[in-house]
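Residue-level structural notes
Take a look at the letters that make up each chain.
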Amino acid sequence: MQLVLASGSPRRRELLQQIRADFICLASDIPEQQGAEETASAYVRRLAYEKALASAHLHDKPCMVVGSDTLIDRDGEVMEKPRDQTHGVAMLLSLAQREHKVRTAVCVMYYDGKSVATVQIKEVVTDVWMGDISETAAEAYWQTGEPRDKAAGYAIQGGAARWIKRINGSYTAVVGLPLYETDQLLQAVEAKLG
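This section reports on the structure supplied with the text. (Residues numbered from 1 in each chain as written. Predicted model: local features only at pLDDT ≥ 70, side-chain atom pairs only at ≥ 80, totals over all residues. Heavy atoms only, no water.)

Things to note about the environment of serine 7
For clarity, the threshold we go by: Counting from the N terminus, the helices are DSSP H or I runs at least four residues long and the strands are E runs at least two residues long. Two residues qualify as a contact provided that any one of their heavy atoms is within 4.5 Å of a heavy atom in the partner residue. As used in this structure description, the phrase polar contact means that two N or O atoms lie within 3.5 Å; if the pair is within protein, one of them must be able to donate a hydrogen and the other to accept it, and residues adjacent in sequence are counted only when both atoms belong to side chains.
Tracing the chain through its elements places serine 7 in the loop between β1 (2–5) and α1 (10–17). Sequence-wise, serine 7 and arginine 162 are 155 residues apart; in three dimensions their C-alpha atoms are separated by 27 Å. The residues contacting serine 7, other than those within four sequence positions of it, are Arg12, Cys25, Leu26 and Ala27. Polar side-chain contacts of serine 7 include one of 2.9 Å to the backbone nitrogen of serine 9.

Looking at the side chain of threonine 172
For threonine 172, the position within the fold is in helix α5 (residues 171–175). At 3.3 Å, the side chain of threonine 172 and the side chain of serine 170 are in polar contact. There is a polar contact of 3.1 Å between the side chain of threonine 172 and the backbone nitrogen of leucine 179. Those residues within four positions of threonine 172 in sequence are excluded, and the remaining contacts are Leu15, Leu177, Pro178 and Leu179.

Here's the deal with the layout of surface pockets
Note the following rule: Using protein atoms alone on a 1 Å grid, points that fit a 1.4 Å probe yet trap it form a cavity, whereas open point sets bounded by protein on both sides within 12 Å along at least five of seven lines form a pocket; residues with an atom within 4 Å of a point count as lining. Grid points are joined across faces, edges and corners, and a volume is the space filled by probe spheres set on the points. Here the nonpolar group is Ala, Val, Leu, Ile, Met, Phe, Trp, Tyr, Cys and Pro; Asp, Glu, Lys and Arg are the charged ones; every other residue, Gly included, is treated as polar.
Roughly 610 Å³ of volume is contained in the largest pocket. In terms of residue count, the dominant contributor to the lining of the largest pocket is strand β3 (residues 63–74) (four residues). Taken together, the residues of the lining of the largest pocket break down into 15 nonpolar, seven polar and ten charged.

Observations regarding helix α2 (residues 40–59)
The following threshold applies: Here the expected span of a helix is defined as 1.5 Å times the quantity of residues minus one. Accessible area is worked out with a 1.4 Å probe on protein chains only. A residue is then buried under 20% of its type maximum, exposed over 50%, and partly exposed in between.
Counted at 1.5 Å a residue, the expected span for α2 with its 20 residues is 28 Å, and the 29 Å between its end C-alpha atoms agrees. Those residues of α2 not exposed but buried are Ala40, Tyr43, Val44, Leu47, Ala48, Lys51, Ala52, Ser55, Ala56 and His59. Residues of α2 that are buried sit in contact with β1, β2 (24–25), β3, β4 (77–79), β5 (99–111) and β6 (116–130). Two residues or fewer past α2, aspartate 60 is found with a positive phi of approximately 60 degrees.

Topic: the packing of helix α3 (residues 85–95) against helix α4 (residues 135–143)
Rule in force here: Note on geometry: axes are C-alpha line fits, over the in-contact stretch for helices, and angles between N-to-C directions span 0 to 180 degrees. Reported orientations rely on four angle classes, namely roughly parallel under 35 degrees, roughly antiparallel over 145, roughly perpendicular from 65 to 115, and oblique for the rest. For any pair of crossing helices, the crossing counts as left-handed if the nearer helix is rotated counterclockwise from the farther one by less than a right angle, and right-handed if it is rotated clockwise.
It is the contact of α3 with α4, at a shortest axis distance of 9 Å, that shows an interaxial angle of 130 degrees. Between α3 and α4, the angle falls in the class oblique. The two elements α3 and α4 cross, and the hand of that crossing is right-handed. Residue-level contacts link Gln85, Gly88, Val89, Leu92 and Leu93 of α3 to Glu135, Ala138, Glu139, Tyr141, Trp142 and Gln143 of α4. Among the residues making up the contact of α3 with α4, the classes are represented as six nonpolar, three polar and two charged.

Examining unusual backbone geometry
A positive phi angle, close to 60 degrees, is found at aspartate 60, a residue other than glycine. Along the chain, aspartate 60 falls in the loop between α2 and β3. Assessed through its relative accessible area of 48%, aspartate 60 is described here as partly exposed.

Here's what the structure looks like:
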């Protein structure tokens with residue numbers, strides 16, 4: 001059966017390749033807007049589901065789909081991708097010398113070609129502590145181009161690694177796809193399919 005990764009992210013593709021070699025990528029374009037009363041947890045779970053569902057409809061044949069979304073939760077405030085340099089630098093500086101949560105949800109679904117037959121969703125929360133970040137360093141990091149499409153404007157696997165003091169949780173979830181949980185969900189869906 002075809003496995004579909006509902007993402008165009010090179011990071012998620014590289015991660016999924018570590019546990020499954022044969023899949024295709026079908027990125028969907030869904031609006032990413034947190035609801036007024038929606039918690040960070042509900043929001044990231046909904047986005048993972050909606051991405052998987054949209055990609056299943058794009059494929060339009062029986063398949064298993066992996067959808068995932070990652071966001072930064074700083075004291076209950078969702079920090080998404082930066083709008084511009086000023087916003088990106090400000091977000092990064094607001095994370096300095098403190099802890100924040102990286103929330104990654106992964107959704108694995110079986111789509112029978114007409115509708116969703118089975119869905120498994122798991123949210124993984126990782127605590128990240130950052131050290132000091134100077135404004136000059138944050139601006140120089142922005143100029144590399146790396147932070148522009150990342151939640152809160154940083155990539156733990158890239159140049160921002162120098163500011164990470166420690167993490168408690170899943171490193172691969174912070175990068176964008178929690179491998180242990182993804183593998184467990186894939187096995188659970190496959191078991192239901194017999």
